Amino acid sequence: MVTRKKPVKRTADVAAIDIDGEEPTQPKVPKELLVVAQEVKIVRALACNDVTKRNRQIRKLRKWFKLRANSSFSFTEDDFLRIWKGLYYNMWMSDKPLVQEELAEQLAQMVDSFDGNTACSLSYFSAFMRTMCQEWFGIDQWRMDKFLMLVRRMLRYVLRLLKQSKWSTELIEAFNNSMLQSVLAEQPKSRGLTMHYLDVFFEELAKAADGEITASQVNLFLRPFVNYMGTQRDAKLVAQCRTRVLYHLLYQSELGREYSEKYNAWKQMGFPTASIDDIEKHDSGFDEEDDEGNTEEEPQRATSLDPRAGNVDVHMPELPLNADCVLDELQTLLRTNEFNSKRRKGLRKLLQIFETYKNGEFPLGVRTMPKVEGTTLSELVEQKVADIEEMEDEVFGTGRKLKKLNKSKRKRLLQSINFEEVDEHNYDDIIGKALPPELQKKVKRNAKVRSSINNAWVVEEVNDAEAAEVAEVSKVAKVAKEANKSKESKEETQTKSKAKKAKKVEKSQPKAEPEAKPAAKKAADPPKPTNGWEAPLEAGEEEFFVPSRKQQLKQVNNTLQKSTPQPAKCLPPQASTPQTGSAKRVQIQIKRNSFYPKSDYYRQLKLSPALPYDADRLPGKSALKPHVMPGPINPNYKGAKRLFNDTL
C-alpha cells in the first residue's frame, strides 16, 4: 500500500510573514566598480588573439569614448592608462605595414572622439606617452618602426587639436606640463623615445600649423625645450635637443634656407672659391607672367604629410622664430641657476649663435673651404708618385734586378763579386756592372719607358729658333744611335765567334769590353745631380761603414771556421764525382766535415752525470698492450671449457 501525504494549505498571512522574514542575498555594487569592470572587459577584447574581435572593439571604442565623455563619470588619467594597456598590445599584434599604418591612424583620430572635451583629449595623449615610456624597453627591433610611427601620428593629431582651439595658452601650458612629467622629465625612463620626440616635434608642428601660427605662439612651445637644455644631465639628450630643436629652427628659417641653397650650389661647382660669400645669386631673367598659361596646364605634384614611395613631396612650411625669446630664456638660466663650466660654456655659445642670427646673419654651417695654392691636385699626385718611384728604385732597385736572374745565375754573380771592396755608396754600381749585358739593356729600356710614360702629354711653348735647334739635335741623335747600333752589332758578332772557339773561361778574370761600354756611355750622358752622400767629407767629419747583413754573416762564418779544428783530409772533389758524359754533374763537398771533439763530450757528461743506460735495470711496464679477453681460446688448452660469451 502506498500512502500519500495530504497537501498542506497555506494561508496568505503565513506567506506574508515568510516574505518579511527573508533578507536580500546580493548587495548593491558601487557604480565606480562597474565602470572599472567594463574597462577591464574592453581591455581584454583589445588585447585578444582574434583579429575580428580586436577590430570590432576598436570600432566600438570611439562611440564609447563619446558617451563616456558626456556622462557623469568623467575620465581620469588612470582610466586612460588601463585602456592604453589594451591598445598597446593591439598595436603590438598588428602585422603588415598598411595594416599598422591604418591602426595608428585610427588610434590617433580618437583624440577628437571626446565631443569637444579638450581636457580628455590631452589626458588621453599624456596617458599614451606615459605608457610608451614604461613599455619602451620591451619593444624589440622588429616592432620599433610601427611604434615610432604611432608616436608621430598621435603628436600630429594633438597639435591639430591645439590649432582648432586657436593655440590657447592654457592648453599649450597644460600640454607642456604633461610632457615634462613623461617624455621631457629630468630623469627619462626611455632615452630613445625622448630623442625621437625631440626629432619629430617641430616638424609635426610646422605640418599641423601650415603657416597659421605666430612667433609668440611658437615661443610657447619652445620655452620648455630651452629649459631642458639647462636642467638635463644626459649629454646625448642635450646634444639632440640642441641640434634637432634649436639648430633645426635656424635652418628652416629664411636665412637658413638661403644658406642651404647657396651651399648646395657651391658644392656642386666643386668649391671654386675659398669663401661662400664670394658666390652671388643672379636672376635668370625669366618672367613668370609670360609663362602663366604653361603653369596652369601642368598638374600639381602630390603632397603628403609623410614620405612615401613615388614622386610625392612632404609639405614643410616655415615656422616663425623670434630670437629675443630664446635669448631671454638663456640669460635667465645663466643668471638664476648654478652650472658647471662645461654647461655654462655651451649655453654661452648658444647665446652668441642667436645674437648673430638676430643681427641678420646666419651663424651655422661651413663658411670657408681651404684651397691649395700653387699646384693643383693632379700635379701633387704626379709629384708624389714620382717621389715614391725614386725611393723604390733607391731601396729595392738592386734587389729587383737580381730577382730577374734565376737561382744559379744569381749565385754565380754573387760569387764573382768581391764584397770586401763593396761600400754602401758603390753597392748599386758594382752589382749593375756585374749584371749580364742583356739584363742591363732590359733595365735601361724599362727606365726609358717609365720616364716616357711619366713625361707624356707635356705641352710647352717653343720658339722658332728653339724648334730649329731641337730638330738639329734630333738629327744628330739619330745618326749617333745608328752608329752605336752598327758598332754594337759588330762587337756582338765578334764576341759570339770568340765564345764558340773558346772552351773554358776563367771566372777570376773580369771582362774588359763590357765594362768599357757603360763607361763610355756615362761619359756621353750629362752629369747627374749629386746628393749629400757623394759630397766629400768636411773638416771634423768621420766616415763609418755599416756592413750589410750578408757580409756580417760571412765574417761570423769565417771566425767560426778558424776556431774549429782542421777538417780531415779527403780525396779531391774531382775523384769523388764520376766523370760521365751527362749534362748534370753532382759535386760532393766534404771540406767542412770535422770530427767530434772530446771537450764537448766531457762538457756534456758534466751537464748530465746520470748513467745513460743501465743493463741490470728492468722495464717498469710492459710495452705490449693487454688483450681484451682474459685467456686464450685454443683447442689444445686443457682448462675448463667456456663459451665465447662467458669470457666477456
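Look a little higher up for the structure.
Definitions and cut-offs
- Residues numbered from 1 in each chain as written.
- Predicted model: local features only at pLDDT ≥ 70, side-chain atom pairs only at ≥ 80, totals over all residues.
- Heavy atoms only, no water.
- Helix = DSSP H or I, 4+ residues; strand = E, 2+ residues; numbered from the N terminus.
- Buried < 20%, exposed > 50% of the residue type's maximum accessible area, 1.4 Å probe, protein only.
- Contact = heavy atoms within 4.5 Å.
- Areas by Shrake-Rupley, 256 points an atom, 1.4 Å probe, with all protein chains shown as cover.
- Phe/Tyr/Trp six-rings, centres within 6.5 Å; stacked < 30°, edge-to-face > 60°.
- Lys NZ or Arg CZ within 6 Å of the ring centre and 35° of its normal.
- Expected span 1.5 Å × (residues − 1).
- Arc of directions from axis to C-beta.
- Axes fitted to C-alpha atoms, helices over the stretch in contact; angles between N-to-C directions.
- Parallel < 35°, antiparallel > 145°, perpendicular 65-115°, else oblique.
- Left-handed = near helix turned anticlockwise from the far one by under 90°.
- Nonpolar A, V, L, I, M, F, W, Y, C, P; charged D, E, K, R; others polar.
- Core = buried A, V, L, I, M, F, W, Y, C linked by side-chain atoms within 4.5 Å.
- Patch = residues over 30% accessible without salt bridge, like charges linked within 9 Å, V, L, I, M, F, W, Y side chains within 5 Å.
- Salt bridge = Lys/Arg side-chain N within 4 Å of Asp/Glu carboxyl O.
- Lys, Arg positive; Asp, Glu negative; His and termini not counted.
- Charge placed at Lys NZ, Arg CZ, Asp CG, Glu CD.

**Q** Give me the overall build of the protein chain: which residues, what numbers.
**A** Summing up its helical and strand segments, the protein chain has 24 helices and two strands in all. Looking at the protein chain as a whole, 26% of its 648 residues are labelled buried. The contacts in the protein chain between residues at least 6 apart in sequence include a share of 69% that link residues at least 24 apart. Working note: accessible area of the protein chain is about 49900 Å², and carbon and sulfur atoms make up 54% of it.

**Q** Give me the lowdown on the packing of aromatic side chains, citing residues and values where you can.
**A** Evaluated as defined, the whole model comprises 33 aromatic pairs. Seen from their ring centres, Tyr-197 and Phe-225 are 6.4 Å apart, and the 20° between their planes marks the pair as stacked. A residue pair is termed long-range when its members are at least 10 positions apart, and Tyr-197 in helix α9 (residues 191–209) and Phe-225 in helix α10 (residues 215–231) qualify at 28 residues. A single burial state applies to Tyr-197 and to Phe-225, both of which are buried. Against the face of Phe-75 rests Arg-68, its NZ or CZ located 4.5 Å from the ring centre.

**Q** Outline helix α8 (residues 169–181), listing residues and values.
**A** With 13 residues, α8 should cover 18 Å at 1.5 Å per step; its first-to-last C-alpha distance of 19 Å lies within 8% of that length. Regarding α8, the residues found buried are Leu-171, Ile-172, Phe-175, Asn-176, Ser-178 and Met-179. One side of α8 carries all its buried residues, which in axial view fall inside an arc of 160°. Exposed and oriented more than 90 degrees from the buried face of α8 are Glu-170 and Gln-181. Close packing links the buried residues of α8 with α6 (118–135), α7 (144–164), α9 and α10.

**Q** Help me get a handle on unusual backbone geometry, residues and values and all.
**A** Despite not being glycine, Lys-166 has its phi angle at roughly 60°, a positive value. Counting through the fold element by element, Lys-166 comes out in the loop between α7 and α8. We note that Phe-271 has phi near 50°; this positive angle belongs to a residue other than glycine.

**Q** Can you break down the packing of helix α14 (residues 323–336) against helix α15 (residues 341–358) residue by residue, with the values?
**A** Angle between the axes and distance between the axes are the two parameters that describe a pair of packed helices. Following both chains from N to C, one finds α14 and α15 inclined at 155°, their axes separated by 10 Å at the closest point. Comparing the axis directions of α14 and α15 gives the class roughly antiparallel. Between α14 and α15 the crossing geometry is left-handed. On the side of α14, the interface is formed by Ala-323, Asp-324, Val-326, Leu-327, Leu-330, Gln-331 and Leu-334, while α15 contributes Arg-344, Leu-347, Arg-348, Leu-350, Leu-351, Phe-354, Glu-355, Tyr-357 and Lys-358. A breakdown of the residues in the contact of α14 with α15 according to their chemical character gives 10 nonpolar, one polar and five charged.

**Q** Tell me about the nonpolar core, residues and numbers included.
**A** Core analysis: the biggest nonpolar cluster contains 99 residues, and Phe-65, Tyr-124, Phe-175, Tyr-197, Phe-201 and Phe-202 have the highest contact counts within it. No other element matches the 11 residues that α7 contributes to this core. Tyr-124 has contacts with Phe-65, Phe-80, Trp-84, Leu-87, Leu-107, Met-110, Val-111, Phe-114 and Met-154, leaving out every residue within four places of it along the chain. Within the second largest apolar cluster, eight residues are counted, among which are Leu-413, Phe-419, Val-422 and Leu-435.

**Q** How would you sum up a positive patch on the surface? Please name residues and give values.
**A** Together, Lys-41, Lys-53, Arg-56, Arg-59 and Lys-60 make up a positively charged patch on the protein surface. Note on placement: Arg-59 falls in helix α3 (residues 51–70). Exposure remark for Arg-59: the relative accessible area of 56% places this residue in the exposed category.

**Q** So what's going on with a negative patch on the surface? Residues and values would help.
**A** On the surface, Asp-387, Glu-390, Asp-393, Glu-394, Asp-428, Asp-429 and Glu-534 cluster together into a patch of negative charge. Of all the secondary structure elements, the ones that give two or more residues to the negative patch are α16 (377–403) and α18 (427–434). Ranked by residues supplied to the negative patch, first place goes to α16 with four residues. Relative to the helices and strands, Glu-394 is located in helix α16. Look at Glu-394 and you get exposed, because its relative accessible area is 62%.

**Q** Go over the pattern of salt bridges with me, naming the residues and quoting the values.
**A** Within the structure shown, the criterion is met by 21 salt bridges. Taking the shortest distance from any N to any O, the salt bridge between Arg-244 and Glu-203 comes out at 3.0 Å. Of this pair, Arg-244 sits in helix α11 (residues 235–251) while Glu-203 sits in helix α9, and the two are 41 residues apart along the sequence. A relative accessible area of 16% places Glu-203 in the buried class. For Glu-204, the salt bridge identified is with Lys-207, shortest N-O distance 3.5 Å. Pair noted here: Glu-204 and Lys-207 are both in helix α9, with a separation of three residues, about one helical turn. Overall, the relative accessible area of 0% leaves Glu-204 in the buried class. Looking at Lys-207, the relative accessible area reads 10%, which means it is buried.

**Q** Lay out the packing of α7 against α9 in plain terms, naming residues and giving numbers.
**A** In contact at an axis separation of 9 Å, α7 and α9 are set at 40° when each is read in the N-to-C sense. Between α7 and α9, the angle is such that the two are oblique. Helix-helix and strand crossings are classified by hand; for α7 and α9 the assignment is right-handed. Note on element contacts: α9 touches α7 through Leu-193, His-196, Tyr-197, Val-200, Phe-201, Glu-203, Glu-204, Leu-205, Lys-207, Ala-208 and Ala-209, opposite Leu-148, Val-151, Arg-152, Leu-155, Arg-156, Leu-159, Arg-160 and Lys-163. Of the residues that constitute the contact of α7 with α9, the class distribution is 11 nonpolar, one polar and seven charged.

**Q** So what's going on with the environment of Lys-189? Which residues, and what values?
**A** In this fold, Lys-189 is placed in the loop between α8 and α9. Exposure remark for Lys-189: the relative accessible area of 55% places this residue in the exposed category. Spatially, the C-alpha atoms of Lys-189 and Gln-134 are 7.1 Å apart, while their sequence positions differ by 55 residues. Not counting chain neighbours up to four residues away, the residues in contact with Lys-189 comprise Cys-133, Gln-134 and Phe-137.

**Q** So what's going on with a nonpolar patch on the surface? Residues and values would help.
**A** A contiguous nonpolar patch, built from Ile-388, Met-391, Val-395 and Phe-396 and spanning about 400 Å² of accessible area, is present on the exposed surface. Residue placement: Val-395 occurs in helix α16.

Geometry only, nothing functional implied.
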